[in-house]
Amino acid sequence: MDNAGPKKRCCESVQSFFTSPKFLIYLGHALSTWGDRMWNFAVAVFLVGLYGNSLLLTAVYGLVVAGSVLLLGAIIGDWVDKNPRLKVAQTSLVVQNCAVILCGILLMVVFHFKEQLAELYNGWVLTCCYILVISIANIANLASTAMSITIQRDWVVVVAGQDSSKLADMNATVRIIDQLTNILAPMLVGQIMAFCSNFIGCGFIAGWNLCSMCLEYCLLWKVYQKTPALAMKAGKKEDYLELKRLNSPKELENGQGPVEGSQLMNETAVVKADSPKKTGCCYQMAEPLRTIRDGWVAYYNQSIFFAGMSLAFLYMTVLGFDCITTGYAYMQGLNGSVLSLLMGASAVSGICGTVAFTWVRKNCGLIRTGFISGVVQLSCLMLCVASVFAPGSPFDLSVSPFQDIYSHLTGESSALPEAAYPASMLTIDGQGLLVNSSIVPPAEELPPLQSYLSVSLLFSGVIAARMGLWSFDLTVTQLIQENVIESERGLINGVQNSMNYLLDLLHFIMSSRPPHPVFTCRSRMSASSGCLSWPLTAITPTRWLPGRTVSL
C-alpha cells in the first residue's frame with residue numbers, strides 16, 4: 001500500500017509525457033524525417049538507374065532543388081508568416097507527401113514500361129517522364145522546406161514558451177532524431193531495393209508516405225489543440241512599429257518608462273485602418289520579386305545576421321561525408337566497408353555534440369557555447385590540415401592553386417594538349433571511364449598506397465569536428481529562434497535556407513574545376529579553415545537590437 005502512491009505518480013508522469021505536445025512533435029517529426037530521408041536517398045538511386053547508370057539526371061535534380069530553394073526561400077517563408085499555423089503545416093504536409101506518392105507511382109510506371117516508353121515518339125515520352133519526375137520531386141522538396149520552417153523554427157518555439165532551457169532541449173532532441181533517421185532510413189530502403197527491386201522500393205516509399213501523412217495530420221491537430229498559443233499569431237512588423245509609435249505619446253503624458261509602456265502596448269489593442277493596396281496587373285506580377293527583395297533586406301537588418309552567415313559558411317565546406325569526400329576516400333584506397341564505419345562514427349560524434357550542447361549551454365550560456373563549439377570544431381580540423389604534410393598525402397604543395405585560374409582570366413592559357421594516343425586505341429572500361437586499351441595494366445599491378453597516416457588524420461579530424469559542428473548549428477538555430485520577431489520567423493528562416501543552399505552550390509563550383517588532379521581536396525581544406533573563422537567572430541554579441549539583453 002505504501003508503494004501505490006509513488007507508482008501512481010510515476011504512471012501519471014509517464015502518461016502525461018507521452019500525451020504532451022512536446023512528445024507529439026517528436027513523434028511527428030520522426031515520421032516526417034524518416035520518410036524524407038528514405039526518399040532523398042532513393043530518388044538519387046532511381047534517377048541513376050533510369051538513365052543508364054549515368055549521373056546526369058541526379059546532377060540535374062540536385063541543381064533544380066538547390067536553385068529552387070535559393071530563389072523561392074523568401075517567398076516560402078513569407079507564405080508561412082502570412083497564413084495560420086495549422087493551415088500552413090497541414091498544407092505543407094499534404095503537398096509534400098502527395099508529391100512523393102505521385103512521383104513514386106510515376107517511377108513505378110517508368111521502371112515497368114521503360115522499353116515501351118523509349119520507343120514512343122523517338123523517346124520524347126520517356127524524356128517527358130524524366131522532366132515530370134524531377135519537377136514533382138522538386139515540389140516535394142519545397143513543401144518539405146516549408147514544413148521544416150513551420151515546425152522546427154516556429155511551433156517548437158511556441159510549445160517551449162519562454163523557457164530557454166526547454167527550447168534548447170527540444171532543439172537538441174529534434175536534431176538527434178534527424179541524425180538517427182539519416183542513418184537508419186537509407187539502410188532500410190537500401191535493403192529493400194537491393195534484395196527486391198527498384199519497382200518495389202518505389203511502392204514501399206509511396207505506401208509509407210500515405211500512412212505517415214495520415215498519422216502526422218492527426219498529430220499536428222493534437223498538438224494544435226493542446227497548445228492554445230499556436231492559434232494566436234503576431235501581426236506584421238509595420239503594425240508593431242505603428243503600435244509602438246502611437247504608444248510613445250501616451251508614455252510621456254502618463255510619465256511611464258519604456259518598460260512600463262511596452263507592457264501597456266501589449267495589453268492595449270489599437271485598430272489601424274488598412275492602407276489602400278494597389279491592384280494593377282504589373283504590380284501583382286512584381287509582388288514575388290518585392291517579397292524576395294524585402295526578405296533579403298530584412299535578413300541583413302537582423303541582429304542575428306552575422307550568426308546566420310557563419311552558419312551558412314559552414315555549408316561551403318566539404319569536410320564532411322558528401323560525394324567529394326567519398327570519392328577522395330576511394331581514391332586513397334578505402335573500401336565501402338571502412339567508409340560505412342567512418343560514416344557511423346561521424347553520426348555518433350554528431351549525436352555526442354548535440355547532447356553536449358544542452359549541458360554546455362546550461363553551464364556557460366548560449367553565446368559562450370557557440371564560441372566553445374567553434375573553437376572545438378576548428379581545433380579538430382587542424383588534423384585535416386596536418387594530413388596534407390603527413391606520409392601518404394597525394395598533395396603537391398609546389399603547384400600553385402591559383403595558377404590555372406590566373407591563366408584563364410588573363411587569357412594566357414595554352415592550347416589543349418594533343419591526344420597522346422589515337423582514338424582507335426581508346427576504349428570504355430567497365431566503370432564508364434575512357435582508357436587506353438593498349439597499355440592498361442592489370443588491377444593487381446597498381447601500386448598500393450604507401451601509408452594510411454594522411455587519410456587517417458583527415459577522417460579523424462572530420463569525425464571529431466562533428467561534435468563542434470552540430471553544437472554550433474544548434475547555437476545559431478536558437479539565436480535565430482529567440483531574436484527574430486514572431487511575424488518574421490518564416491521569412492528570415494526562408495532566406496537562411498536560401499543562403500545555405502547558395503554557399504553549398506559555391507563549394508561544388510569551387511571543387512568542379514581544379515587546376516591540379518588533387519586540388520579539389522586541397523581547396524576543400526583551405527576553404528574550410530577560412531570559413532570557420534567566421535563563426536568565431538560572428539557569435540560575439542556586437543549587433544543586438546536595442547533593448548535586448550544577452551547574457552554571456
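For every chain, the first residue of the written sequence is number 1, and numbering continues from 1 onward in sequence order. Totals for whole chains, interfaces and linings use every residue, but because this is a predicted model, local features are given only for residues with pLDDT of at least 70 and side-chain atom pairs only at 80 or more, for both listing and counting. To get the side-chain values, take all heavy atoms of the structure and skip hydrogens and water.

In this section: the nonpolar core. As used here, the term nonpolar core means buried Ala, Val, Leu, Ile, Met, Phe, Trp, Tyr and Cys residues forming a set that is joined through side-chain atoms within 4.5 Å. Buried residues are those whose accessible area, probed at 1.4 Å on protein chains only, stays under 20% of the maximum for their type, while exposed residues exceed 50% and partly exposed ones sit between those limits. Trp39, Phe46, Leu47, Leu50, Tyr61, Leu107 and Ile205 are the most contacted members of the largest nonpolar core, which has 32 residues in total. Put simply, DSSP H or I for four residues or longer makes a helix, DSSP E for two residues or longer makes a strand, and each gets a number counted from the N terminus. Contributions of two or more residues to this core are made by α2 (21–50), α3 (56–82), α4 (85–112), α6 (124–160), α7 (164–195) and α8 (198–226). Beyond its immediate stretch of four places on either side in the chain, Trp39 contacts Tyr61, Val100, Cys103, Leu107, Ala137 and Ile205. Judged by nonpolar contacts, the second largest core, of 29 residues, contains Phe313, Leu314, Leu366 and Val495. Contacts were defined at the residue level, with two residues in contact if any of their heavy atoms lie within 4.5 Å.

What a helix is expected to span follows from its residue count: subtract one and scale by 1.5 Å. Look at helix α12 (residues 287–300): 20 Å from first C-alpha to last across 14 residues, which is about the 20 Å you get at 1.5 Å a residue. Regarding α12, the residues found buried are Arg290, Thr291, Gly295, Ala298 and Tyr299. Looking down the long axis of α12, one finds its buried residues gathered within 165 degrees of arc, a one-sided arrangement. Taken from the helix axis, the directions to the C-beta atoms give the arc we talk about.

Let us look at the side chain of Gln179. Of note, Gln179 is situated in helix α7. By relative accessible area, which is 7% here, Gln179 ends up buried. There is a polar contact of 2.9 Å between the side chain of Gln179 and the backbone nitrogen of Ile351. Counting of polar contacts relies on pairs of N or O atoms within 3.5 Å, with two restrictions inside protein: one atom must be capable of donating a hydrogen and the other of accepting it, and residues adjacent in sequence are counted only when both atoms are side-chain atoms.

One can find Phe472 in helix α18 (residues 453–483). Note on Phe472: relative accessible area 0%, which makes it buried. For the pair Phe472 and Ala307, spaced 165 residues apart in sequence, the C-alpha to C-alpha distance is 10.0 Å.

A few words on the confidence of the model for the protein chain. When the pLDDT values of the protein chain are averaged, the result is 75; 67% of them are 70 or greater. For residues 254–275, every residue scores under 50 in pLDDT, and the model assigns this stretch 19 contacts once sequence neighbours within four places are set aside. Scored from 0 to 100, pLDDT reflects the predictor's confidence in each residue. Predicted confidence is poor over residues 413–447, with pLDDT under 50, and the contacts of this stretch with residues over four places away or in other chains come to 20 contacts.

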